[in-house]
Amino acid sequence: MAKQLQVQVVAVEEKVWSGEAEMVVARTTEGELGVLPGHSPLLGLLKEPSQVRVKLAGGEQLTYDVAGGFLSIDANGVTILAESATPATPDAH
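Residues numbered from 1 in each chain as written. Predicted model: local features only at pLDDT ≥ 70, side-chain atom pairs only at ≥ 80, totals over all residues. Heavy atoms only, no water.

S.K.: Explain the sheet that holds strand S1 (residues 5–11) to me, please; I cannot follow it from the model alone.
M.R.: By definition, the strands of a sheet pair up through backbone hydrogen bonds, in either a parallel or an antiparallel sense. If you trace the five strands from one edge of the open sheet to the other, you get S2-S1-S9-S8-S5, paired in mixed fashion. Lying at the two open borders of the sheet, with one neighbouring strand each, are strand S2 (15–21) and strand S5 (42–45). On average, each strand axis in the sheet is inclined to that of its neighbour by 10 degrees, with strand direction left out of account. Bridging between strand S8 (residues 70–74) and strand S9 (residues 77–82) involves five bridges; their strand directions are antiparallel. Considered in S9, the bridge of Asp-74 is made with Gly-77. (Pairing = 2+ DSSP bridges. Helix = DSSP H or I, 4+ residues; strand = E, 2+ residues; numbered from the N terminus. Axes fitted to C-alpha atoms, helices over the stretch in contact; angles between N-to-C directions.)

Right under this line is the structure:
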């Protein structure tokens, strides 16, 4: 089985989602960033507003509309700490 990322999507008021994923794609103020297992440590400012996509094993994808916050990558995985994070509607974007 391929190595997985530990991912947490956290809003100020609540933990939105937590689990394992194959890849995370987020838009920072520096541009869009794809994160795979083994990525170098990084702290990025999320572009506002934007979306975070969490790609799960088996091809499923979770998409969240986020406002403000940070993307943190460390040896333990990826944490999205946003002011708000809500599941994106399928017809958005």
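S.K.: Sorry if this is basic, but what is going on with the sheet that holds strand S4 (residues 31–35) here?
M.R.: Here five strands make up an open sheet; going across it, the order is S4-S3-S6-S7-S10 and the pairing antiparallel. Looking at the sheet topology across the chains shown, the edges are occupied by S4 and strand S10 (84–87). This sheet shows a mean twist of 20 degrees between the axes of neighbouring strands, independent of strand direction.

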